[in-house]
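Commentary on secondary and tertiary structure
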Amino acid sequence: MHQLFRLVLGQKDLSRAGDLFSLDDSEIEDSLTEALEQIKIISSSSDYQTNNNDQAVVEICITRITTAIRETESIEKHAKALVGLWDSCLEHNLRPFGKDEDTPHAKIASDIMSCILQNYNRPPVMALAIPIAVKFLHRGNKELCRNMSNYLSLAAITKADLLADHTEVIVKSILQGMVQKLSLGTCFRRHLKGFS
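Residue positions are given per chain, counting from 1 as you read along its sequence in written order. Local features in this predicted model are restricted to residues whose pLDDT is 70 or higher, and side-chain atom pairs enter the listing and the counts only when it is 80 or higher, whereas totals over whole chains, interfaces and linings include all residues. Excluding hydrogens and water, the side-chain figures rest on all heavy atoms present in the structure.

**A word on helix H4 (residues 32–43)**
Which entries qualify depends on this criterion: Only runs of H or I of at least four residues qualify as helices and only runs of E of at least two qualify as strands under DSSP, and these elements are numbered from the N terminus. A helix is expected to span 1.5 Å for every residue after the first. Type-normalised accessible area, obtained with a 1.4 Å probe on protein chains alone, sets the label of each residue: buried when under 20%, exposed when over 50%, and partly exposed for intermediate values. The arc in question is formed by the directions pointing from the helix axis toward the C-beta atoms. Residue contacts are defined here by distance: any two heavy atoms, one from each residue, within 4.5 Å place the two residues in contact.
Across its twelve residues, H4 extends 16 Å between first and last C-alpha, which sits within 8% of the 16 Å expected from 1.5 Å per residue. Along H4, the residues classified as buried are Leu 32, Ala 35, Leu 36, Ile 39, Ile 42 and Ser 43. Across the axial projection of H4, the buried residues extend over an arc of 115 degrees, all falling on one side. For H4, the secondary structure elements touched by its buried residues are helix H1 (3–10), helix H3 (25–28), helix H5 (52–72), helix H6 (75–88) and helix H7 (104–117).

If you want it as C-alpha coordinates, here you go:
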(Lines give C-alpha, C1' and ligand atoms only; values in the text may rest on other atoms or scores of the structure.)
Protein backbone atom coordinates (compact mmCIF):
# COMPACT_ATOMS: atom_id res chain seq x y z
CA MET A 1 0.00 0.00 0.00
CA HIS A 2 1.23 3.50 -0.78
CA GLN A 3 2.96 5.01 2.25
CA LEU A 4 0.52 7.92 2.45
CA PHE A 5 -2.48 5.58 2.50
CA ARG A 6 -0.65 3.53 5.13
CA LEU A 7 -0.13 6.64 7.26
CA VAL A 8 -3.64 8.03 6.86
CA LEU A 9 -5.45 4.73 7.39
CA GLY A 10 -3.00 3.14 9.81
CA GLN A 11 -2.92 6.14 12.13
CA LYS A 12 -6.33 7.50 11.11
CA ASP A 13 -4.56 10.78 10.46
CA LEU A 14 -7.18 13.26 9.31
CA SER A 15 -4.60 16.04 8.99
CA ARG A 16 -2.86 14.17 6.16
CA ALA A 17 -5.91 12.68 4.44
CA GLY A 18 -6.31 15.62 2.06
CA ASP A 19 -2.76 15.04 0.80
CA LEU A 20 -4.02 11.93 -0.98
CA PHE A 21 -5.48 14.22 -3.63
CA SER A 22 -2.02 15.55 -4.47
CA LEU A 23 -0.99 12.09 -5.73
CA ASP A 24 -1.49 10.99 -9.32
CA ASP A 25 -4.18 8.36 -9.83
CA SER A 26 -1.65 6.03 -11.43
CA GLU A 27 0.63 6.39 -8.39
CA ILE A 28 -1.97 4.96 -6.01
CA GLU A 29 -3.92 2.60 -8.28
CA ASP A 30 -2.05 -0.51 -7.11
CA SER A 31 -2.87 0.38 -3.48
CA LEU A 32 -6.63 0.73 -3.83
CA THR A 33 -7.69 -2.84 -3.01
CA GLU A 34 -5.55 -2.92 0.13
CA ALA A 35 -6.82 0.53 1.15
CA LEU A 36 -10.43 -0.64 0.73
CA GLU A 37 -9.73 -3.66 2.92
CA GLN A 38 -8.24 -1.39 5.60
CA ILE A 39 -11.29 0.89 5.42
CA LYS A 40 -13.51 -2.15 5.95
CA ILE A 41 -11.60 -2.94 9.16
CA ILE A 42 -11.89 0.65 10.41
CA SER A 43 -15.59 0.97 9.59
CA SER A 44 -16.36 -2.37 11.28
CA SER A 45 -14.83 -1.32 14.61
CA SER A 46 -17.18 -1.08 17.57
CA ASP A 47 -16.71 2.69 18.03
CA TYR A 48 -16.86 3.73 14.38
CA GLN A 49 -20.43 5.09 14.58
CA THR A 50 -19.42 7.54 17.31
CA ASN A 51 -15.89 8.37 16.12
CA ASN A 52 -16.07 11.52 13.99
CA ASN A 53 -12.35 11.46 13.17
CA ASP A 54 -12.46 7.92 11.79
CA GLN A 55 -15.61 8.69 9.82
CA ALA A 56 -13.98 11.75 8.23
CA VAL A 57 -10.83 9.79 7.34
CA VAL A 58 -12.91 7.04 5.76
CA GLU A 59 -15.07 9.48 3.77
CA ILE A 60 -12.02 11.27 2.35
CA CYS A 61 -10.26 8.01 1.50
CA ILE A 62 -13.34 6.57 -0.21
CA THR A 63 -13.69 9.72 -2.31
CA ARG A 64 -10.03 9.48 -3.32
CA ILE A 65 -10.28 5.76 -4.08
CA THR A 66 -13.46 5.97 -6.16
CA THR A 67 -12.03 8.90 -8.11
CA ALA A 68 -8.87 6.93 -8.87
CA ILE A 69 -10.89 3.87 -9.92
CA ARG A 70 -12.93 5.96 -12.34
CA GLU A 71 -9.94 7.82 -13.76
CA THR A 72 -7.81 4.70 -14.23
CA GLU A 73 -10.80 2.63 -15.39
CA SER A 74 -9.71 -0.14 -13.05
CA ILE A 75 -13.10 -1.16 -11.64
CA GLU A 76 -12.68 -4.83 -12.57
CA LYS A 77 -9.39 -5.00 -10.67
CA HIS A 78 -10.83 -3.53 -7.47
CA ALA A 79 -14.47 -4.62 -7.73
CA LYS A 80 -14.17 -7.49 -5.24
CA ALA A 81 -12.75 -5.25 -2.49
CA LEU A 82 -15.19 -2.43 -3.30
CA VAL A 83 -18.19 -4.77 -3.19
CA GLY A 84 -16.80 -6.35 -0.01
CA LEU A 85 -16.77 -2.97 1.73
CA TRP A 86 -20.25 -2.23 0.38
CA ASP A 87 -21.53 -5.57 1.66
CA SER A 88 -20.08 -4.91 5.12
CA CYS A 89 -22.34 -1.85 5.42
CA LEU A 90 -25.33 -4.21 5.54
CA GLU A 91 -24.15 -5.45 8.94
CA HIS A 92 -24.88 -2.01 10.42
CA ASN A 93 -27.81 0.35 10.85
CA LEU A 94 -28.71 2.13 7.60
CA ARG A 95 -31.90 3.86 8.75
CA PRO A 96 -31.52 7.66 8.87
CA PHE A 97 -31.15 9.44 12.21
CA GLY A 98 -33.84 12.02 12.82
CA LYS A 99 -35.41 13.37 9.65
CA ASP A 100 -32.70 13.14 6.99
CA GLU A 101 -29.32 12.44 8.61
CA ASP A 102 -27.70 9.29 7.24
CA THR A 103 -25.85 6.88 9.49
CA PRO A 104 -22.08 6.53 8.95
CA HIS A 105 -22.51 3.20 7.15
CA ALA A 106 -25.31 4.54 4.95
CA LYS A 107 -22.89 7.29 3.89
CA ILE A 108 -20.25 4.71 2.97
CA ALA A 109 -22.84 2.68 1.03
CA SER A 110 -24.02 5.75 -0.82
CA ASP A 111 -20.50 6.95 -1.60
CA ILE A 112 -19.43 3.70 -3.24
CA MET A 113 -22.76 2.73 -4.82
CA SER A 114 -22.38 4.89 -7.91
CA CYS A 115 -18.76 3.85 -8.41
CA ILE A 116 -19.90 0.24 -8.56
CA LEU A 117 -23.27 0.45 -10.27
CA GLN A 118 -22.43 3.02 -12.92
CA ASN A 119 -20.59 0.07 -14.46
CA TYR A 120 -23.94 -1.58 -15.23
CA ASN A 121 -22.64 -2.42 -18.72
CA ARG A 122 -19.78 -4.55 -17.34
CA PRO A 123 -21.18 -8.03 -16.58
CA PRO A 124 -18.26 -9.20 -14.38
CA VAL A 125 -18.74 -6.20 -12.09
CA MET A 126 -22.53 -6.59 -12.05
CA ALA A 127 -22.23 -10.32 -11.27
CA LEU A 128 -20.47 -9.34 -8.03
CA ALA A 129 -22.61 -6.28 -7.28
CA ILE A 130 -26.22 -7.24 -7.95
CA PRO A 131 -26.57 -9.89 -5.19
CA ILE A 132 -25.43 -7.23 -2.72
CA ALA A 133 -27.40 -4.38 -4.31
CA VAL A 134 -30.77 -6.08 -3.86
CA LYS A 135 -30.11 -6.55 -0.14
CA PHE A 136 -30.18 -2.77 0.31
CA LEU A 137 -33.79 -2.62 -0.92
CA HIS A 138 -35.17 -3.77 2.45
CA ARG A 139 -32.92 -1.91 4.85
CA GLY A 140 -35.18 1.07 5.53
CA ASN A 141 -33.20 3.80 3.76
CA LYS A 142 -35.49 5.33 1.13
CA GLU A 143 -32.77 7.41 -0.52
CA LEU A 144 -30.52 4.38 -0.99
CA CYS A 145 -33.48 2.40 -2.33
CA ARG A 146 -34.40 5.14 -4.79
CA ASN A 147 -30.87 5.41 -6.14
CA MET A 148 -30.48 1.63 -6.20
CA SER A 149 -33.65 1.21 -8.25
CA ASN A 150 -32.32 3.61 -10.89
CA TYR A 151 -29.08 1.68 -11.27
CA LEU A 152 -30.84 -1.70 -11.26
CA SER A 153 -33.09 -0.41 -14.03
CA LEU A 154 -30.04 0.27 -16.15
CA ALA A 155 -28.65 -3.17 -15.36
CA ALA A 156 -31.98 -4.73 -16.36
CA ILE A 157 -31.84 -2.98 -19.72
CA THR A 158 -28.31 -4.08 -20.56
CA LYS A 159 -28.08 -7.50 -18.87
CA ALA A 160 -31.48 -8.64 -17.62
CA ASP A 161 -30.39 -12.22 -16.89
CA LEU A 162 -28.14 -11.00 -14.05
CA LEU A 163 -31.27 -9.96 -12.17
CA ALA A 164 -33.18 -13.19 -12.80
CA ASP A 165 -32.29 -14.80 -9.46
CA HIS A 166 -33.46 -11.70 -7.61
CA THR A 167 -36.82 -11.13 -9.33
CA GLU A 168 -38.90 -12.04 -6.28
CA VAL A 169 -37.05 -9.64 -3.96
CA ILE A 170 -37.21 -6.78 -6.47
CA VAL A 171 -40.88 -7.28 -7.31
CA LYS A 172 -41.70 -7.43 -3.59
CA SER A 173 -39.85 -4.14 -3.12
CA ILE A 174 -41.81 -2.57 -5.98
CA LEU A 175 -45.11 -3.73 -4.50
CA GLN A 176 -44.14 -2.39 -1.08
CA GLY A 177 -43.24 0.96 -2.62
CA MET A 178 -39.61 0.65 -1.52
CA VAL A 179 -38.25 1.34 -5.00
CA GLN A 180 -39.42 3.54 -7.80
CA LYS A 181 -42.21 1.73 -9.59
CA LEU A 182 -41.81 3.75 -12.75
CA SER A 183 -38.16 3.03 -13.40
CA LEU A 184 -37.63 -0.51 -12.18
CA GLY A 185 -41.18 -1.74 -12.72
CA THR A 186 -41.15 -0.63 -16.34
CA CYS A 187 -37.85 -2.42 -16.94
CA PHE A 188 -39.16 -5.60 -15.40
CA ARG A 189 -42.26 -5.58 -17.59
CA ARG A 190 -40.14 -4.82 -20.64
CA HIS A 191 -37.67 -7.60 -19.90
CA LEU A 192 -39.98 -10.15 -18.35
CA LYS A 193 -38.95 -12.83 -20.84
CA GLY A 194 -35.35 -12.44 -19.68
CA PHE A 195 -36.30 -13.76 -16.24
CA SER A 196 -38.10 -16.91 -17.33
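Following the structure, the description resumes.
**A word on the pattern of salt bridges**
Here is the rule: One speaks of a salt bridge when a side-chain nitrogen belonging to Lys or Arg is within 4 Å of a carboxyl oxygen belonging to Asp or Glu.
On inspection of all chains with the given rule, the structure shows seven salt bridges. Between Lys 12 and Asp 54 there is a salt bridge, with its nearest N and O atoms 3.7 Å apart. Of this pair, Lys 12 sits in the loop between H1 and helix H2 (14–17) while Asp 54 sits in helix H5; the two residues are 42 residues apart in sequence, bridging distant segments of the chain. Taking the relative accessible area as the measure of exposure, Lys 12 reaches 31% and is therefore partly exposed. Measuring nitrogen to oxygen at the nearest pair gives 2.9 Å for the salt bridge that ties Arg 122 to Glu 76. Of this pair, Arg 122 sits in the loop between H7 and helix H8 (123–133) while Glu 76 sits in helix H6, placing them 46 residues apart in sequence. Looking at Arg 122, the relative accessible area reads 24%, which means it is partly exposed.

**Describing the confidence of the model for the chain**
In plain terms, the rule: The pLDDT score gives, residue by residue, the confidence of the prediction method on a 0 to 100 scale.
Per-residue confidence for the chain gives a mean pLDDT of 84, with 80% of residues at or over 70. Note on residues 188–196: pLDDT is under 50 here. Beyond four places in sequence and across chains, it has 14 contacts.

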